[in-house]
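Here's the letter readout for the chains.
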Amino acid sequence: MLEEWQTSWKNGDTGRKIYNIMPSVSLRPTNWIREDVIFFSQHGPFPAYLRRFHLSDNDYCSCGEIGTALHYATECIYTVSWHIRKSAPNFEHEWLKRVANNLVSRHKIRCIIKFISGNRDLFRPP
């Protein structure tokens, strides 16, 4: 059963952002909470995600940049208190793995997601 699950996970079309962080299936639960899933799947209150599903007219943060999960974690002026050092573009997958495995970074991510969720009006473009 585990082999079949692993093959399905490896060859699937969905969940690729999580697959890049966790390429192996396991019966052992992760210690991720809701905010972790939102950030690492990049499915949440992010303008780029909302526009992709036609839930918003544009994908810009109110600061003027494209509103992605990585934008809020590394460069948005509204979340500067919790920023994590940005990775080089060609090392984004490795960077996400390191962030996922670092408790301090995950705490910052959780704070960002809670802040965005609680202040949605602040993150809408003018």
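Located above this text is the structure these notes cover.
Bear in mind that the values here come from a model prediction, so they are computed numbers and not experimental data. (Residues numbered from 1 in each chain as written. Predicted model: local features only at pLDDT ≥ 70, side-chain atom pairs only at ≥ 80, totals over all residues. Heavy atoms only, no water.)

I tried to follow the overall build of the chain on my own but got confused; where do I start?
Helix and strand counts for the chain stand at 7 helices and 0 strands. Going from N to C terminus, the chain has its helices and strands arranged as α-α-α-α-α-α-α. Over its C-alpha trace the chain gives a radius of gyration of 15 Å, about what one expects of a compact globule, namely 14 Å for 126 residues. Its C-alpha atoms give the chain principal-axis dimensions of roughly 50 × 35 × 30 Å. A total of 126 residues make up the chain; the buried ones form 34% of that total. Nonlocal contacts in the chain, meaning residues at least 24 apart in sequence, comprise 44% of its contacts between residues at least 6 apart. (Helix = DSSP H or I, 4+ residues; strand = E, 2+ residues; numbered from the N terminus. Rg over C-alpha atoms; globule rule 2.2 N^0.38 Å. Buried < 20%, exposed > 50% of the residue type's maximum accessible area, 1.4 Å probe, protein only. Contact = heavy atoms within 4.5 Å.)

Any chance you could explain the pattern of salt bridges here in plain terms?
Side chains that differ in charge, positive against negative, can pair when their charged atoms come close. Inspection of every chain in the model, using the stated rule, returns 5 salt bridges. Between E75 and K86 there is a salt bridge, and its shortest N-O distance comes to 3.1 Å. Here K86 lies in the loop between α5 (69-74) and α6 (92-100) and E75 lies in the loop between α5 and α6, a separation of 11 residues in the sequence. Assessed through its relative accessible area of 37%, E75 is described here as partly exposed. Linked by salt bridges that have partners in common, D36, R106 and R110 make up one network. (Salt bridge = Lys/Arg side-chain N within 4 Å of Asp/Glu carboxyl O.)

What is the right way to read the packing of aromatic side chains from this model?
Centre distance and the angle of the planes are the two values used to describe a pair of aromatic rings. As enumerated under the stated definition, the model contains 6 aromatic pairs in all. Feature note: the residues W32, F39 and F40 constitute an aromatic cluster, connected by ring pairs. Note that R16 overlies the ring of W9, its terminal NZ or CZ placed 5.0 Å from the centroid. (Phe/Tyr/Trp six-rings, centres within 6.5 Å; stacked < 30°, edge-to-face > 60°. Lys NZ or Arg CZ within 6 Å of the ring centre and 35° of its normal.)

Would you take a moment to explain the packing of helix α3 (residues 34-41) against helix α7 (residues 103-118) for this structure?
The relative placement of two packed helices is expressed as an angle between their axes plus a distance between the axes. For the pair α3 and α7, the least separation of the axes is 9 Å and the interaxial angle reads 90 degrees. For the element pair α3 / α7, the angle class is roughly perpendicular. Residues E35, D36, I38, F39 and F40 of α3 touch α7, and the partners they reach there are R106, I109, R110, I113 and K114. A class-by-class count of the residues in the contact of α3 with α7 yields 5 nonpolar, no polar and 5 charged. (Axes fitted to C-alpha atoms, helices over the stretch in contact; angles between N-to-C directions. Parallel < 35°, antiparallel > 145°, perpendicular 65-115°, else oblique. Nonpolar A, V, L, I, M, F, W, Y, C, P; charged D, E, K, R; others polar.)

Explanation requested: the nonpolar core in the structure shown.
Note on soluble globular proteins: their nonpolar side chains tend to be buried together. The biggest cluster of nonpolar side chains holds 24 residues, and the ones touching the most others in it are F39, F40, F46, Y72, L96 and I109. Those elements giving two or more residues to this core turn out to be α2 (16-21), α3, α5, α6 and α7. (Core = buried A, V, L, I, M, F, W, Y, C linked by side-chain atoms within 4.5 Å.)

Sorry if this is basic, but what is going on with a nonpolar patch on the surface here?
Among the surface-exposed residues, L2, W5 and L27 lie close enough to one another that they form a single nonpolar patch of about 320 Å² accessible area. Within the secondary structure, L2 sits in helix α1 (residues 2-11). (Patch = residues over 30% accessible without salt bridge, like charges linked within 9 Å, V, L, I, M, F, W, Y side chains within 5 Å. Areas by Shrake-Rupley, 256 points an atom, 1.4 Å probe, with all protein chains shown as cover.)

Could you clarify how one ought to interpret the side chain of R106 in this entry?
As for its position among the elements, R106 is in helix α7. Judged by relative accessible area, which is 4%, R106 ranks as buried. In this view, R106 contacts N31, W32, D36, F40, V99 and A100; residues no more than four positions away in its chain are not counted.

All we've got here are geometric facts, nothing functional implied.
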